[in-house]
Amino acid sequence: MLGVVGFFIYGKENIRLFDSVNPRYAQQLLEIEMFTFCSLDIVDEKATKASEMFLGQLYNDQKWRSFGFVTNTGVRMILALDATSAASLKDQEIRLIFKRFHGHYCNTISNPFYEIGTPMQSKWLDEGIRDLYSTSD
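Just so we're clear, the structure is a prediction, and the values are computed from it rather than from any experiment. Going along each chain's sequence as written, the residues are numbered from 1 onward. Since the coordinates come from a predicted model, pLDDT governs what is reported: local features require at least 70, and pairs of side-chain atoms require 80 or more to be given and counted, while whole-chain, interface and lining totals use all residues. Side-chain measures were taken over the full set of non-hydrogen atoms in the model, leaving aside hydrogen atoms and water.

Tallying secondary structure elements over the protein gives 4 helices and 5 strands in all. Order of helices (α) and strands (β) in the protein, N terminus to C terminus: β-β-α-β-β-β-α-α-α. Based on C-alpha atoms, the radius of gyration is set beside the globule rule, defined as 2.2 Å times the residue count to the power 0.38. Over its C-alpha trace the protein gives a radius of gyration of 14 Å, about what one expects of a compact globule, namely 14 Å for 137 residues. For the protein, the C-alpha atoms occupy an extent of roughly 40 × 35 × 30 Å along the three principal directions. Within the span of the protein, comprising 137 residues, buried residues form 48% of the whole. At a minimum sequence separation of 6, the contacts of the protein that also span at least 24 residues come to 54%. Helical segments are the DSSP runs of H or I of at least four residues, strand segments are the runs of E of at least two, and each set is numbered from the N terminus. For each residue, the accessible area found with a 1.4 Å probe, counting protein chains only, is set against the maximum for its type, and the residue is called buried under 20%, exposed over 50%, and partly exposed in between. We call two residues in contact whenever any of their non-hydrogen atoms come within 4.5 Å of each other.

So, about the packing of aromatic side chains. Here is the rule: rings of Phe, Tyr and Trp (six-membered ring for Trp) pair when centre to centre is within 6.5 Å. Planes less than 30 degrees apart are stacked, more than 60 are edge-to-face, and the remainder are tilted. For the structure shown, the criterion picks out 7 aromatic pairs. Every member of this aromatic cluster is reached through a ring pair, and the members are Phe7, Phe54, Phe69, Phe98 and Phe101. Whether a charge sits over a ring comes down to the Lys NZ or Arg CZ being within 6 Å of the ring centre and within 35 degrees of the ring normal. The ring of tryptophan 124 carries lysine 123 above its face, with NZ or CZ at 5.2 Å from the centroid.

Following the sequence through the fold, tryptophan 124 ends up in helix α4 (residues 123–136). On the basis of relative accessible area, tryptophan 124 is assigned to the exposed category, the value being 53%. Residues tryptophan 124 and histidine 104, spaced 20 residues apart in sequence, show a C-alpha to C-alpha distance of 7.2 Å.

Right, let's talk about the sheet that holds strand β3 (residues 54–60) for a bit. By way of backbone hydrogen bonds, the strands of a sheet pair with one another, either parallel or antiparallel. Spatially, the 5 strands line up as an open sheet ordered β2-β1-β5-β4-β3, and their pairing is antiparallel. Of all strands in the sheet, those bounded by a partner on one side alone are β2 (16–21) and β3. Neighbour-to-neighbour, the strand axes of this sheet turn through a mean angle of 15°, independent of strand direction. Two strands qualify as a pair provided that DSSP identifies no fewer than 2 bridges between them. When strand β4 (residues 64–70) meets strand β5 (residues 76–82), the two strands line up antiparallel, connected through 7 bridges. By the bridge assignment for β5, phenylalanine 67 is matched with leucine 79. Interaxial angles span 0 to 180 degrees and are taken between N-to-C directions of axes, which are lines fitted to C-alpha atoms, for helices over the stretch in contact. Helix α1 (residues 29–47) rests against β1 (4–10), β2, β3, β4 and β5 of the sheet, and its axis sits at about 135° to β3. The strands touched by helix α3 (residues 91–109) are β1, β3, β4 and β5; relative to β5, the strand with the most contacts, the crossing angle is about 130°.

Looking now at α1. Each residue after the first adds 1.5 Å to the expected span of a helix. Counted at 1.5 Å a residue, the expected span for α1 with its 19 residues is 27 Å, and the 26 Å between its end C-alpha atoms agrees. Regarding α1, the residues found buried are Ile32, Glu33, Phe35, Thr36, Ser39, Leu40, Ile42 and Val43. Packed against the buried residues of α1 are β1, β2, β3, β4 and β5.

Here we come to the layout of surface pockets. Think of a 1 Å grid over just the protein atoms. A cavity is a set of points where a 1.4 Å probe fits yet cannot get out, a pocket is an open set with protein on both sides within 12 Å along at least five of seven lines, and lining residues have an atom within 4 Å of a point. Grid points are joined across faces, edges and corners, and a volume is the space filled by probe spheres set on the points. Empty space within the largest pocket amounts to approximately 200 Å³. Each residue gets one label: Ala, Val, Leu, Ile, Met, Phe, Trp, Tyr, Cys and Pro are nonpolar, Asp, Glu, Lys and Arg are charged, and the others, such as Gly, are polar. Looking at side-chain class alone, the lining of the largest pocket contains 7 nonpolar, 3 polar and 2 charged residues.

Mean pLDDT over the protein: 85, with 94% of residues reaching 70 or higher. The pLDDT value expresses, per residue, how confident the predictor is, ranging between 0 and 100. For the protein, the element scoring lowest by mean pLDDT is helix α2 (residues 83–86), at 71; β4 scores highest, at 91.

Extensive coverage of β4 is indicated by the burial of 7 of its 7 residues. Alignment of β3 against β4, held across 5 bridges, turns out to be antiparallel. Across the sheet, tyrosine 59 pairs through a bridge with serine 66, a residue of β4. Where β3 folds back on β4, the antiparallel hairpin that results is connected by 3 residues. In this structure, the hairpin formed by β4 and β5 is closed by a connection of 5 residues, where glycine 74 is found at a positive phi of approximately 90°.

The structure is reproduced here in structure tokens:
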């Protein structure tokens, strides 16, 4: 059980391009968004020193843990996990989640009708994220 809380994508200027919160955690949406913004600050710090796109664990508190990923174009991806279930996850498992998440992102921006830098509304991305949620339960 992975306990995926949500997936978030932000552009270069902290513009939210995509956010999805697992329906199991929908009641805590405001808290999750605040946690994500704290994580986003740490992404900026780690990205300048990173030698790869996966940034590892960014931030954790009593409820959640966050992990980061930065694309070559500066788009930041954040994965929020439940802290109780994320404790047993290995780094490789989180990398695999990001690999699948990044693949869904690439498919979405490859759509010729998508304008880069605008919020993403894609059935393929939504279905891919739902699939990631279902494999995490």
